[in-house]
Amino acid sequence: MEFSFMYKEGGAHPDEQKGFTDSKPIVEASVPKIMVYPIAMHIGAPADPIVEVGDQVKVGQMVAKEGGFVSAHVYSSVSGEVVAIEKRPQAGGGEVDSVIVKNDYAYTRAEPIVKPGHSSEMTNKKIIDTIRKAGIVGMGGATFPAAVKLAPPEEAKIDTIILNGAECEPYSTSDHRVMFEYTDEVIKGIDIVSQLYPDLKNIYIGIEDNKKDVKKALEKATADNKKVTVQTLKAMYPQGSEKNLIKSLTGREVQPGELPADVHVILLNVSSARAVYHACELGEPLLERVISVSGTPIRNPQNLKVRIGTPIESVIDDCEGFSEIPGKVLSGGPMMGRAVGDLSVPISKGMTAVSVLTRQEAQIDEPEDCIMCAECLHVCPVSLQPILISEAFERGDIEKAEKLGAMDCIECGNCSFICPSKIPLLDNIRGAKAAIQAKQEG
Ligand code: SF4
Ligand code: SF4
């Protein structure tokens, strides 16, 4: 099969579905009796549990230590007793070792990870060490450990920081509300990160043009910093993907196999920036995040500030439960999210939303033959040929899938969304990526 078209259309336009929650203030979520802390909430090596069944733990006490350079510590977000260390279901299927803590509701706090109030005096090493100590990862869904990402080699000469506020996934409004309600904390987080780069010239805050309230709040909070530009971008999907955002804001292109640092750019999600502030200035490890719980079957959709480790069923109860039998519950949004088969799956560090689809919305059409319309090529933001990778995977030709650049897929879901033949392109490409990774790991 031959295709001669490449991506040039500027993304897809799935129904935004933001109206359920975009004007709803963040509300503190309930804290249930049993909390679940998976040891692998990040990209890289799983953390190693350092507590035993029967141990008493405090709020902010480490329960699993990073398992390598690319890894992240895991902390208890409540005080109480470790009642089990066992496999528990995770979003997207399968199980992962998890530390289970029975909440004593005393909220006894552990010592801060650094002395609060001294972030402006920190050396670069101290900032990175503190971010590592806090267990911060990319909280927009990427979950790459932030301490690794924020410390590229010196020769990268970072001159630009991009704060990624382009929340393009349907239903999700958590970043919107974080930027609007915790503006100062987000900006202080960026101020701390900007201390790391002596060559820094520009800080771009990229937000979509449908967030006028946020633009105003950010401009007010950054009026004294001449390096900052609050830049509005056309609302489209996937505007928030790293390569798109860098191209839109700086004109620089990250080539396949390159990282943003190769074009002198560091990107940070807004919730990660806030977490940096909490770690370096307040001495708090990553214990909470804001999520949107949304969709037609949710009786009272909301933005909730949730302690990490809270099972999804608890946040759904906070939203008054289901008004109808749901078709699908997703960790994340409908484009990139993963189906959740068990509502005991906990809210993890990178989970931006719990999106619930009706039975009709979740209906999967029977795939038909490819009609070679090339729409999947047009909408791929990283210029892949999704159908060819998908077909290679179906044939079991993993080498071909690799040669076609499957590992460059950012899993945005555009190709599956647009395909008139309803071919499960993203599922197949995810399968190809898993097979390539397994092959590489021997
Ligand atoms: S899911 Fe991957 S292959 Fe499909 S459009 Fe997005 S980046 Fe391209
Ligand atoms: S969008 Fe679907 S039908 Fe069109 S070329 Fe791609 S896989 Fe084939």
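Only a predicted model underlies this, so the values are computations on that prediction, with no experimental measurement involved.

Analysis parameters
- Residues numbered from 1 in each chain as written.
- Chains lettered and ligands numbered in written order.
- Predicted model: local features only at pLDDT ≥ 70, side-chain atom pairs only at ≥ 80, totals over all residues.
- Heavy atoms only, no water.
- Pairing = 2+ DSSP bridges.
- Helix = DSSP H or I, 4+ residues; strand = E, 2+ residues; numbered from the N terminus.
- Contact = heavy atoms within 4.5 Å.
- Axes fitted to C-alpha atoms, helices over the stretch in contact; angles between N-to-C directions.
- UniProt positions renumbered as here; feature names shortened; annotations may be inferred.
- Buried < 20%, exposed > 50% of the residue type's maximum accessible area, 1.4 Å probe, protein only.

Draft legend 1. Just the sheet that holds strand β17 (residues 353–357), in detail. Pairing in this open sheet of 6 strands is mixed, and the strands run β1-β14-β13-β17-β15-β16 from one edge to the other. Edge positions in the open sheet fall to β1 (26–28) and β16 (338–339), since each of these has one partner strand only. Bridge count between β1 and strand β14 (residues 302–307): 3 bridges; the pairing is parallel. Residue pairing in the sheet places Val27 in a bridge with Leu304 of β14. Together, β1, β13 (288–294) and β14 form the strand contacts of helix α3 (residues 174–181), whose direction differs from that of β13 by roughly 130 degrees.

Draft legend 2. Up close: the UniProt feature "binding site: [4Fe-4S] cluster 1" (unreviewed entry) in the protein. Look at the UniProt record and you will see "binding site: [4Fe-4S] cluster 1" (unreviewed entry) annotated at Cys370, Cys373, Cys376 and Cys419. On the basis of their most widely separated C-alpha atoms, the annotated residues across 50 residues gather in one place, lying no more than 10.6 Å apart. Here Cys376 lies in helix α10 (residues 375–379). Leaving out residues up to four positions away in the same chain, Cys376 has contacts with Pro386, Ile387, Cys415, Ile418 and Leu425. Within the fold, Cys419 resides in the loop between α13 (414–418) and α14 (425–440).

Draft legend 3. Fine view of the UniProt feature "binding site: [4Fe-4S] cluster 2" (unreviewed entry) in the protein. The UniProt record marks Cys380, Cys409, Cys412 and Cys415 with the feature "binding site: [4Fe-4S] cluster 2" (unreviewed entry), using the residue numbering of this structure. The largest pairwise C-alpha distance within this set of annotated residues, which runs over 36 residues, is 10.6 Å, so the set is compact in three dimensions. With respect to the helices, strands and loops of the structure, Cys409 is situated in the loop between α12 (398–403) and α13. If we skip the residues at most four places from it in the chain, Cys409 touches Val382, Leu384, Ile429 and Lys433. Take Cys415: it is sitting in helix α13. Taking the relative accessible area as the measure of exposure, Cys415 reaches 9% and is therefore buried. If sequence neighbours within four positions are ignored, Cys415 has contacts with Cys376, Val379, Pro386, Leu425, Leu426 and Ile429.

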